[in-house]
Amino acid sequence: MLEKLLTEQPNPASASIDTLPTEQALRIINAEDQRVAAAVEREIPAIARAVDAIVAALEKGGRLFYLGAGTSGRLGVLDASEIPPTFSAPPEMVQGIMAGGEAALSRATETTEDDPAIGVRDLSARGFTAKDVLVGIAASGRTPYVLGAVAEARRLGALTVGICCTPGAELSRAVDFPIAPLVGPEIVGGSTRMKAGTAQKLVLNMLSTGTFIRLGYVYGNLMVNVQPKNEKLVDRARRIVAQAAGVSPERAAKLLAESGMTVRTAIVMGKAGVARQEAERLLAASRGRVRQALGEGGADGVPFGPVRAGPPGPASC
């Protein structure tokens, strides 16, 4: 059965890659990688629908879970782990679950992915509820571990998203929002960590970044939830305030100090020309969204719900 999967087919472009000079071999890899972005582009409408559904769930107090095995699981854990340092969001808001647990991040435990009951168990262990969203990730679209967890999420009445790289996959049929970038056969047969893995990473980037943009963690293209906890982050916060509010670096530093070192408040103070108390009132009325606090509006049809505070993590990138 596996031999019929698109990701398991032989790739004629790299058939003799082991006989080629290094640079030529790398050019083949690069040429194949360029197909990945186009495959993901074709899935943007499906990704957008998933983002809007995830936003709606998070606005109601739900959480976002990624779940997978092998490369797919590691990519989910990676994306989830980047959310607190990138957006200063609570660590429980986006979580990654991998077959085999934390140990499998560095040492493969393939046997766990064949048991759907383990997927159910791992999901239940995180206290997954009907309010949450599950994103099942499996390049083949048939991993029992993932399908078991998806079935449990559906049984609970939760929203489900599937990411795979195989047409007509069982995973796509099992979820509410299927996403299937078809990248074709891998450069090196026997592993889906390259083209399929890259496609999954790009989709995960879109899901998480798109979600936090819609949730108001971004103003323009700037992260406005930076927590200035060290010298680097104070400098970053000052630059963000200066750019967003259109003020000098010196004025931005003063606004930050007067705002209690809160980037959003400092931006509203500088751009609206108001004191801290009024800026905080405007932000509270707009549920933490800078653009709405400034009366600038947002994208047509985009719901603007509360930005959940929680304990912020330090931005590290």
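Calculation notes
Residues numbered from 1 in each chain as written. Predicted model: local features only at pLDDT ≥ 70, side-chain atom pairs only at ≥ 80, totals over all residues. Heavy atoms only, no water. Phe/Tyr/Trp six-rings, centres within 6.5 Å; stacked < 30°, edge-to-face > 60°. Helix = DSSP H or I, 4+ residues; strand = E, 2+ residues; numbered from the N terminus. Buried < 20%, exposed > 50% of the residue type's maximum accessible area, 1.4 Å probe, protein only. Expected span 1.5 Å × (residues − 1). Core = buried A, V, L, I, M, F, W, Y, C linked by side-chain atoms within 4.5 Å. Contact = heavy atoms within 4.5 Å. Pairing = 2+ DSSP bridges. Right-handed = clockwise from strand over helix to strand, strands pointing away. Salt bridge = Lys/Arg side-chain N within 4 Å of Asp/Glu carboxyl O. Axes fitted to C-alpha atoms, helices over the stretch in contact; angles between N-to-C directions.

### Side note on the packing of aromatic side chains
What the rule picks out here adds up to four aromatic pairs. Here Phe65 and Phe128 contribute two aromatic rings whose centre-to-centre distance is 5.3 Å and whose plane-to-plane angle is 70°, an arrangement assigned as edge-to-face. Taken together, the positions of Phe65 in strand S1 (residues 64-68) and Phe128 in the loop between helix H4 (116-125) and strand S3 (133-137) put the pair 63 residues apart, joining distant regions of the chain. Assigned by exposure class, Phe65 and Phe128 land together as buried.

### Some thoughts on helix H7 (residues 195-214)
Structural remark: α-helix, 3.6 residues per turn; residues separated by three or four positions point the same way. An ideal rise of 1.5 Å per residue puts 28 Å on 20 residues; H7 measures up with 28 Å between its terminal C-alpha atoms. Of the residues making up H7, those classed as buried are Lys195, Ala196, Gly197, Ala199, Gln200, Val203, Leu204, Leu207, Ser208, Gly210, Thr211 and Phe212. Gly216 occupies a position one or two residues after H7 and carries a positive phi of about 95°.

### With respect to the nonpolar core
Among the nonpolar cores identified, the biggest contains 40 residues, and Leu64, Tyr66, Val135, Ile163, Ile179, Leu207 and Phe212 are the most heavily contacted of them. At the level of secondary structure, the elements contributing two or more residues to this core comprise helix H1 (22-41), helix H2 (44-59), S1, helix H3 (70-87), S3, strand S4 (159-163), strand S5 (177-179) and H7. Examining the composition of this core, we find that nine residues originate from one element, H2, more than from any other. With residues up to four places along the chain from it excluded, the contact list for Ile179 reads Glu43, Ala46, Ile47, Ala50, Val161, Gly162, Ile163, Cys164, Val203 and Leu207. In this structure, Leu255, Val263, Leu282 and Val290 belong to the second largest nonpolar core, which totals 24 residues.

### What to know about the pairing of S4
Most of S4 is tucked away: four of the five residues are buried. Across five bridges, S3 lies against S4 in parallel orientation. Following the sheet pairing, Val135 is matched in S4 by Val161. In the classification by handedness, the crossover that spans S3, the intervening helix H5 (residues 144-156) and the parallel S4 is right-handed.

### Some thoughts on the pattern of salt bridges
Per the counting criterion, the structure on display carries 14 salt bridges. Among the ionic pairs, Glu59 bridges to Arg289, the shortest N-O distance being 3.3 Å. With Glu59 in helix H2 and Arg289 in the loop between helix H11 (276-285) and helix H12 (290-293), this residue pair connects regions lying 230 residues apart in the sequence. In this structure, Glu59 and Arg289 share a single accessibility class: buried.

### A look at the sheet that holds S5
On the basis of which strands lie adjacent, the open sheet formed by five strands has the order S2-S1-S3-S4-S5 and parallel pairing. Both edges of this open sheet fall to strand S2 (94-98) and S5, since each of them pairs with a single strand only. In this sheet, adjacent strand axes meet at a mean angle of 20° when their direction is disregarded. The strands that H3 touches are S1, S2 and S3; relative to S2, the one it contacts most, it runs at about 155°.

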